[in-house]
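Examining the three-dimensional arrangement
One-letter residues, chain by chain:
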Amino acid sequence: MTRHRDRHGRGTRGPMAVPTDPKVPVLRTRRERFDDIALAIVTEIDGRWQSRLGLIEYAVEESPDIPKEWTVEDHIPLGSLERGSGAKPARLVIYRRPIVHRCHTRAEVEAMVLMVVVEQIADLLGIAAEDVDPRYQP
């Protein structure tokens, strides 16, 4: 008779759920969950305004490049917009870490991503942010 014991009192070892596909992890990372939120918001707003937006690329980056001469009083951007010209598309970037740092819940992250995307799209189109999405709250 063999005895299996937990010598250090740490409980069961190994995965609690066996993945159906060993190449796909069971749990999504924080970055993947943020990307899902951003994709859902961008897809909805882009679908509504595509006829006026034209060519536009969307991206999520970890954090913005901050110049060394910035002071503590300067705010860290949550997103950025590069206007396109000719065949070059406009580019809207959402910065994950500054947004996540300001939020405590998933609902706050969703609201903050919506705010950033709506403000950038409104700036690109030259209209009020409230006109881009009625859920917008500054």
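1. Examining the overall build of the protein
Regarding its fold elements, the protein presents 4 helices and 3 strands. When each of the 138 residues of the protein is scored for burial, the buried share is 29%. A fraction of 60% describes how many contacts in the protein between residues 6 or more apart in sequence connect residues 24 or more apart.

2. Points about helix α3 (residues 106-125)
The end-to-end C-alpha separation of α3 is 28 Å, in line with the 28 Å expected for 20 residues at 1.5 Å each. The set of residues buried in α3 consists of Val109, Met112, Val113, Leu114, Met115, Val116, Val117, Val118, Gln120, Ile121, Ala122 and Leu125. Those residues of α3 hidden inside the fold are in contact with α1 (30-53), β1 (56-61), β2 (79-82), β3 (90-95), α2 (96-102) and α4 (129-132). Glycine 126 lies just past α3 and shows a positive phi near 75 degrees.

3. Thoughts on the pattern of salt bridges
Using the criterion set out here, one finds 10 salt bridges in the structure. In this structure, glutamate 57 engages arginine 91 in a salt bridge whose closest nitrogen and oxygen atoms are separated by 3.7 Å. With glutamate 57 in strand β1 and arginine 91 in strand β3, the pair connects residues that are 34 residues apart, well separated along the chain. The class of glutamate 57 is partly exposed, set by a relative accessible area of 41%. By sharing partners, the salt bridges in this structure join Glu44, Arg48, Asp133 and Arg135 into a single network.

4. As for α1
Helix length check: α1, at 24 residues, gives a terminal C-alpha distance of 30 Å against a target of 34 Å (1.5 Å per residue), a shortfall beyond 12%. Along α1, the sharpest kink reaches roughly 55 degrees, centred on glycine 47. Of all the positions in α1, only Phe34, Ile37, Ala38, Ile41, Val42, Ile45, Asp46, Trp49 and Leu53 are classed as buried. Against β1, β3, α2, α3 and α4 lie the buried residues of α1. Backbone geometry just downstream of α1 places glycine 54 in the positive-phi region, at approximately 70 degrees.

5. A short note on the nonpolar core
Membership of the largest hydrophobic core comes to 29 residues, with the highest contact counts inside it found for Ile45, Ile94, Ile99, Val113, Val117 and Ile121. Counting only elements with at least two residues in this core, the list comes to α1, β3, α3 and α4. Counting residues per element, this core draws most heavily on α3, which supplies 11 residues. Leave out the neighbours within four places in its chain, and isoleucine 99 touches Phe34, Leu78, Ile94, Val109, Met112, Val113 and Val116.

6. What to know about a nonpolar patch on the surface
There is a patch of nonpolar side chains on the surface, built from Ile66, Trp70 and Ile76 and spanning about 240 Å² of accessible area. Examined against the element boundaries, tryptophan 70 turns out to sit in the loop between β1 and β2. Residue classification places tryptophan 70 among the partly exposed positions, given a relative accessible area of 33%.

What counts and how
Residues numbered from 1 in each chain as written. Predicted model: local features only at pLDDT ≥ 70, side-chain atom pairs only at ≥ 80, totals over all residues. Heavy atoms only, no water. Helix = DSSP H or I, 4+ residues; strand = E, 2+ residues; numbered from the N terminus. Buried < 20%, exposed > 50% of the residue type's maximum accessible area, 1.4 Å probe, protein only. Contact = heavy atoms within 4.5 Å. Expected span 1.5 Å × (residues − 1). Salt bridge = Lys/Arg side-chain N within 4 Å of Asp/Glu carboxyl O. Bend = angle between axes of the 7 residues up to and from the residue. Core = buried A, V, L, I, M, F, W, Y, C linked by side-chain atoms within 4.5 Å. Patch = residues over 30% accessible without salt bridge, like charges linked within 9 Å, V, L, I, M, F, W, Y side chains within 5 Å. Areas by Shrake-Rupley, 256 points an atom, 1.4 Å probe, with all protein chains shown as cover.

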